[in-house]
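As a plain string of letters, each chain reads:
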Amino acid sequence: MDVTLHLAQDPEADALLGRSPLAALVGMLLDQQVPMEWAFKGPATIARRLGTDDLDAHEIAAHEPEAFAALLSEKPAVHRYPGSMAKRIQQLCQYLVEHYDGDAEAVWKDVGTGKELLKRLAELPGFGKQKAQIFLALLGKQLGVRPTGWREAAGSYGEPDSFRSVADITGPESLVKVRAHKQEMKAAAKAAKAADK
């Protein structure tokens, strides 16, 4: 895996996401309740604070929990909720160590179908169905991981030429389009909620 991603809108952070399967998974895990760029810059920040140029699932899983939470809490914090996200990242890494010998890429390497890949992603701690589908779409659209039926398994996130999620961000222009789509979805949900009252 060595591609150029543009999710963090930061060359160093994006380079790490493009070469490190674990960094990509951690970025996806962090992508909630904060701007996308902030979330996907997180793995590079964590690696730098650990004094390394990549993330290692064994190292993170074995890290003392309070020390790891403190590492994420340093200013600028890796996430709006650094303590709870530190715990989630460690749970993800522990799961990867137990089930995939710490190799994040093994989650999707040699997988036969999109359906099977979606199941594996949804089993990861912190990944619900929607997050799993978005990550599956990212794998297929930008990272060349395309098992049979991947688009169908990714649902609407797998649609070509759409601007629904991080899977569709290839630069500043597409980031603006994805943001606009998310705002439309929020507005539609708000209007639907108001109509129900």
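Residues numbered from 1 in each chain as written. Predicted model: local features only at pLDDT ≥ 70, side-chain atom pairs only at ≥ 80, totals over all residues. Heavy atoms only, no water.

1. Looking at the packing of aromatic side chains
Counted under the stated rule, the structure contains 2 aromatic pairs. Judged by centre distance (5.6 Å) and plane angle (50°), the ring pair of Trp108 and Phe135 falls under tilted. With Trp108 in the loop between α6 (82-100) and α7 (114-123) and Phe135 in helix α8 (residues 129-142), this residue pair connects regions lying 27 residues apart in the sequence. Look at Trp108 and you get buried, because its relative accessible area is 4%. We classify Phe135 as buried; its relative accessible area is 0%. For the ring pair Phe127 and Phe135, a centre distance of 6.2 Å and an interplane angle of 90° mean the geometry is edge-to-face. Of the two residues examined, Phe127 and Phe135, each falls in the buried class. Within the aromatic cluster, the residues linked to one another by ring pairs are Trp108, Phe127 and Phe135. (Phe/Tyr/Trp six-rings, centres within 6.5 Å; stacked < 30°, edge-to-face > 60°. Helix = DSSP H or I, 4+ residues; strand = E, 2+ residues; numbered from the N terminus. Buried < 20%, exposed > 50% of the residue type's maximum accessible area, 1.4 Å probe, protein only.)

2. Side note on the pattern of salt bridges
Under the definition given, this model contains 7 salt bridges. Glu74 is the salt-bridge partner of Arg49, the closest N and O atoms lying 3.6 Å from each other. Of the two residues, Arg49 sits in helix α3 (residues 36-50) while Glu74 sits in the loop between α5 (65-73) and α6, which places them 25 residues apart along the sequence. Classification of Glu74 as partly exposed rests on a relative accessible area of 41%. The closest approach of N and O atoms between Arg164 and Glu159, which form a salt bridge, is 3.1 Å. (Salt bridge = Lys/Arg side-chain N within 4 Å of Asp/Glu carboxyl O.)

3. With respect to α6
For α6, spanning 19 residues, the distance from its first C-alpha to its last is 26 Å, which sits close to the expected 27 Å at 1.5 Å a residue. Taken residue by residue, α6 has Pro82, Met85, Ala86, Ile89, Gln90, Leu92, Cys93, Tyr95, Leu96 and Tyr100 as its buried positions. Check the buried side of α6 and you find it contacts α2 (21-30), α3, α4 (57-62), α5 and α7. Downstream of α6 by a residue or two, Asp101 has a phi angle that is positive, lying close to 50°. (Expected span 1.5 Å × (residues − 1). Contact = heavy atoms within 4.5 Å.)

4. Looking at unusual backbone geometry
Put simply, Lys75 and Pro76 share a cis peptide bond, and its omega is -10°. Looking at the element boundaries, Pro76 is found in the loop between α5 and α6. Of note in this structure, Gln33 is not a glycine but carries a positive phi near 60°. For Gln33, the position within the fold is in the loop between α2 and α3.

5. Examining α5
Within the sequence span of α5, burial applies to Phe68, Ala69, Leu71 and Leu72. The arc enclosing the buried residues of α5, seen along the axis, measures out at 155°, which places them on a common side. The inward-facing, buried residues of α5 contact α3, α4 and α6. The opening residue of α5, the one whose side-chain oxygen lies 3.2 Å from the backbone nitrogen of Glu66, is Glu64. (Arc of directions from axis to C-beta. Polar contact = N/O pair within 3.5 Å; in protein donor to acceptor, adjacent residues only side chain to side chain.)

6. Let's talk about the UniProt feature "domain: HhH-GPD" (unreviewed entry) in the protein chain
As annotated by UniProt and renumbered to match this structure, "domain: HhH-GPD" (unreviewed entry) occupies residues 26-122. Taken as a whole, residues 26-122 contains 65% helix and 0% strand, while its terminal C-alpha atoms sit 14 Å from one another. (UniProt positions renumbered as here; feature names shortened; annotations may be inferred.)

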